[in-house]
Amino acid sequence: MPKAYVYTRHGGPENEAFADVERPVPGPGELLIAVRAAGVNPVDWKLRNGFRRPGEGDARFPVVLGSEAAGVVEEIGEGVTGFAVGDEVFGNTPAGAFAEYVLLTAAVTAHKPAALSFTDAATLPVAAATAYDGVRQLDLPEGATLLVTGAGGGVGAAAVQIARAWGLRVVGVASEAKKDFVESLGAVHVPSGPGLAERVRAAAPQGVDGVYDLVGGEVLAEAAGPLADRTKLITAGAAPDTVAALGGSRVERARTAAVLDEVAELVVGGELDPHVSRTFPFDEAGQALRTVEEGHARGKVVIEVAA
């Protein structure tokens, strides 16, 4: 039977395990793929800990971990057009990604360009697409200054690069340990920690025109300080009521294949580097998740599944 990496109850890493699972059967609007790579994201361990997305029901254990994958189409569900068995694709999965076979939602699945590796493609549906949606939502004019908190993480690194590709000046907030990395992306680095607002004002004396927050908490509150127009404050790191109290809003996710096509072209065109910092074989899926959960990864972590 195919294998998957699952959690069997809410809680810590002790609830994770490999399991033999039935090969999924694609329903209407779905594709079954043989996985070649799966991206690892903070939301994966947060879901294991008990976090639920808005409108999401109770978990039905065991739950396969992971949210994004790239691979080869094996079967096509009813009503799906534009895909054929053997196509190389990447996209969001409704039922977990850390497995040998997973289901993708066809509406949020894109064809993988030949010049794009499975490893890089697997990083795009969550982090890069979230970054793209947020920068597009802010709709800042060329030459404007964007402040990105959490600039050293997967979403942050992509947001910095997309903003730079679109002609924005970027100030990136990250730990001192990630200074060189953030600067390599083309951003002005500002260290995180108490007194952030003052350091941002020093780095951007004319103020900032938009804030893309990926951290929440006190970082979000301080980052909002130098921003005059709070309609240009968005977050993917805080609850809607928290950012609304500051005059901002949550990132509006498009969740379309068209966005995946756009970010893939940015990678192929050399404007977006997924910055995969570490890869792990499938049998080390737990170690891959620990690397992200401990918060020390620069860029993206990917699990590679053998053909």
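I will try to describe carefully the structure that is included in this document. (Residues numbered from 1 in each chain as written. Predicted model: local features only at pLDDT ≥ 70, side-chain atom pairs only at ≥ 80, totals over all residues. Heavy atoms only, no water.)

Moving on to the overall build of the protein. For the protein, the helix and strand inventory stands at 10 helices and 16 strands. Radius of gyration (C-alpha) of the protein: 19 Å, near the 19 Å computed for a compact globule of 307 residues. The principal-axis extent of the C-alpha atoms belonging to the protein is close to 60 × 40 × 35 Å. Within the protein, buried positions represent 51% of all 307 residues. Considering only residue pairs separated by 6 or more positions, the protein has 65% of its internal contacts joining residues 24 or more positions apart. For the protein, the exposed area adds up to about 13,000 Å²; of that, 51% sits on carbon and sulfur atoms. Computed over 26 positive and 40 negative side-chain charges, the separation of the two mean positions in the protein equals 4 Å. (Helix = DSSP H or I, 4+ residues; strand = E, 2+ residues; numbered from the N terminus. Rg over C-alpha atoms; globule rule 2.2 N^0.38 Å. Buried < 20%, exposed > 50% of the residue type's maximum accessible area, 1.4 Å probe, protein only. Contact = heavy atoms within 4.5 Å. Areas by Shrake-Rupley, 256 points an atom, 1.4 Å probe, with all protein chains shown as cover. Lys, Arg positive; Asp, Glu negative; His and termini not counted. Charge placed at Lys NZ, Arg CZ, Asp CG, Glu CD.)

Another aspect to go through is the nonpolar core. Of all hydrophobic cores here, the largest spans 46 residues; its most connected members are F90, L124, L146, V148 and Y212. Looking at this core, the elements that each hand over two or more residues are strand 5 (68-76), helix 2 (118-121), helix 3 (124-138), strand 9 (145-149), helix 4 (154-165), strand 10 (169-174), helix 5 (179-184) and helix 9 (257-268). A per-element tally of this core places helix 3 first, with 7 residues. Counting 37 residues, the second-largest nonpolar core is a separate cluster that includes V43, W45, A288 and V292. (Core = buried A, V, L, I, M, F, W, Y, C linked by side-chain atoms within 4.5 Å.)

A word on the packing of aromatic side chains. In this structure the tally under the stated criterion is 4 aromatic pairs. Here Y5 and F18 contribute two aromatic rings whose centre-to-centre distance is 4.8 Å and whose plane-to-plane angle is 55°, an arrangement assigned as tilted. Residue Y5 is found in strand 1 (residues 3-7), and its partner F18 is found in strand 2 (residues 16-20); the two are separated by 13 residues along the sequence. These aromatic residues form a ring-pair network of at least three members: Y5, F18 and F282. The ring of Y101 has R23 sitting right over it, with the charged end atom 4.7 Å from the ring centre. (Phe/Tyr/Trp six-rings, centres within 6.5 Å; stacked < 30°, edge-to-face > 60°. Lys NZ or Arg CZ within 6 Å of the ring centre and 35° of its normal.)

Look at helix 6 (residues 196-203) against helix 7 (residues 217-224): their axes get within 8 Å of each other, and the N-to-C directions meet at 40°. It follows that helix 6 is oblique to helix 7 by the angle criterion. Where helix 6 crosses over helix 7, the two elements pack in a sense that is right-handed. Counted together, L196, A197 and E198 of helix 6 and V219, E222 and A223 of helix 7 form the full contact between these two elements. Residues belonging to the contact of helix 6 with helix 7 are distributed by class as follows: 4 nonpolar, no polar and 2 charged. (Axes fitted to C-alpha atoms, helices over the stretch in contact; angles between N-to-C directions. Parallel < 35°, antiparallel > 145°, perpendicular 65-115°, else oblique. Left-handed = near helix turned anticlockwise from the far one by under 90°. Nonpolar A, V, L, I, M, F, W, Y, C, P; charged D, E, K, R; others polar.)

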